[in-house]
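Understanding the architecture of this molecule
For reference, the chains in residue letters:
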Amino acid sequence: MPTHPLPPAPSGVDASRWAQTVASVREYCGWHIAPEVYEEVTVDGSGCAVQMLPTLRLVDLVSITNDGAVVSNPEWSAAGFVRGSWTCRLRGVTATMRHGYEDWPADLLGVLVELATDDQKARVSQVTNRAYQVSFDIDAETEQRRTVLDRYRLSDLR
């Protein structure tokens, strides 16, 4: 993933821990999320009527090529879908786009701060000696954080 600007660490949050947390969330979600940036991406062609770009907030599709040919006036959605007849060629689609949120969405920013300041590790709840099975407690707070993160995560189909 290319390097994107890092939001400043909130007051009271260690800068290196903040950078690590933002990087981890971006990796988990599969895209940079914020800030809004211009970026050129090359992706595998879908071979279908819809091509998905690696974003969940497409602001402007500046240009897009399909198997090397420029696509004129493509129909696209803010969710990063582009309609057309797409190649199935690997790395066959290149798009220049402006995408991302101007600022981190408030719910996601809250999770980032919680993750950057939470020193609590997952707790082992059960160990089975012969089968070498280990179980971890996942509390409601962890599930709530994952639910927020998943709203900004690209699907495996992209």
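In case you missed it, the structure is sitting above this.
Below: a short report on this structure.

Digging into the packing of helix α1 (residues 15-29) against helix α3 (residues 140-151)
Taken N-terminus to C-terminus, the directions of α1 and α3 make an angle of 65°; their axes are 9 Å apart at the nearest point. α3 is crossed by α1, and the crossing has right-handed handedness. Taking contact as the criterion, the partners of Val-25, Tyr-28 and Cys-29 in α1 are, on α3, Arg-146, Leu-149 and Asp-150. In terms of residue class, the contact of α1 with α3 is made up of four nonpolar, no polar and two charged.

Overview of unusual backbone geometry
Here the bond from Ala-34 into Pro-35 is cis, since omega is 5°, no more than 30 degrees from zero. Mapped onto the fold, Pro-35 is located in the loop between α1 and β1 (37-43). The backbone of Ile-33 shows a phi angle near 70°, a positive value even though the residue is not glycine. Tracing the sequence through the fold places Ile-33 in the loop between α1 and β1. Overall, Ile-33 belongs to the buried group, its relative accessible area being 0%.

A few points about the pairing of strand β3 (residues 58-66)
Note that β3 and strand β7 (residues 93-99) share seven bridges and pair antiparallel. Across the sheet, residue Leu-58 finds its bridge partner in β7, namely His-99. Counting the residues between successive antiparallel strands, the hairpin from β3 to strand β4 (residues 69-70) contains two residues, one of them, Asp-67, with a positive phi of roughly 55°.

Describing the pattern of salt bridges
All told, the structure shown has nine salt bridges when counted by the stated rule. One salt bridge in this structure joins Glu-114 and Arg-145, with 3.0 Å as the shortest N-O distance. Of this pair, Glu-114 sits in helix α2 (residues 106-117) while Arg-145 sits in helix α3, and the two are 31 residues apart along the sequence. By relative accessible area, which is 34% here, Glu-114 ends up partly exposed. In the salt-bridge network here, residues are joined through shared partners; they are Glu-114, Asp-118, Glu-141 and Arg-145.

As for the packing of aromatic side chains
Between two aromatic rings, the relevant description is the distance of the centres plus the angle of the planes. Taken as a whole, this structure holds two aromatic pairs when the rule is applied. When the centroid spacing of 6.3 Å and the interplanar angle of 45° are considered together, the rings of Trp-31 and Tyr-101 count as tilted. Placement of Trp-31 in the loop between α1 and β1 and of Tyr-101 in the loop between β7 and α2 is noted, with a sequence separation of 70 residues between them. The exposure class of Trp-31 is buried, given its relative accessible area of 2%. When the centroid spacing of 6.0 Å and the interplanar angle of 75° are considered together, the rings of Tyr-101 and Tyr-152 count as edge-to-face. Of this pair, Tyr-101 sits in the loop between β7 and α2 while Tyr-152 sits in the segment after α3, placing them 51 residues apart in sequence. On the basis of relative accessible area, Tyr-101 is assigned to the partly exposed category, the value being 22%. On the basis of relative accessible area, Tyr-152 is assigned to the buried category, the value being 9%. An aromatic cluster is built from Trp-31, Tyr-101 and Tyr-152, whose rings are joined through pairwise contacts. Note that Arg-153 overlies the ring of Tyr-28, its terminal NZ or CZ placed 4.0 Å from the centroid.

Cut-off values and rules
- Once a new chain begins, its residue numbering starts again from 1 and follows that chain's sequence as written.
- Since the coordinates come from a predicted model, pLDDT governs what is reported: local features require at least 70, and pairs of side-chain atoms require 80 or more to be given and counted, while whole-chain, interface and lining totals use all residues.
- Calculation of side-chain values draws on the structure's entire complement of heavy atoms; hydrogens and water are dropped beforehand.
- Fitted lines through C-alpha atoms serve as axes, helices being fitted only where they are in contact, and the angles separating the N-to-C directions of these axes extend from 0 to 180 degrees.
- Only DSSP runs of H or I with at least four residues qualify as helices, and only runs of E with at least two residues qualify as strands; both kinds are numbered from the N terminus onward.
- By convention, the crossing between two helices is left-handed when the near helix turns anticlockwise from the far helix through less than a right angle, and right-handed when the turn is clockwise.
- When checking whether two residues touch, look at their non-hydrogen atoms; a contact exists if any pair is within 4.5 Å.
- As a working rule, the residues Ala, Val, Leu, Ile, Met, Phe, Trp, Tyr, Cys and Pro are called nonpolar, Asp, Glu, Lys and Arg charged, and the rest polar, with Gly in that last group.
- Any residue under 20% of the maximum accessible area for its type is buried, any over 50% is exposed, and the rest in between are partly exposed; the area is computed with a 1.4 Å probe on protein chains only.
- Strands qualify as paired when DSSP identifies two bridges or more between them.
- Whenever Lys or Arg places a side-chain nitrogen within 4 Å of a carboxyl oxygen from Asp or Glu, that contact is recorded as a salt bridge.
- Between 30 and 60 degrees the pair is tilted, below 30 it is stacked and above 60 it is edge-to-face, where a pair is any two Phe, Tyr or Trp rings, Trp via its six-membered ring, whose centres lie within 6.5 Å.
- By the criterion adopted, a ring carries a charge over it if an Arg CZ or a Lys NZ lies within 6 Å of its centre and within 35 degrees of its normal.

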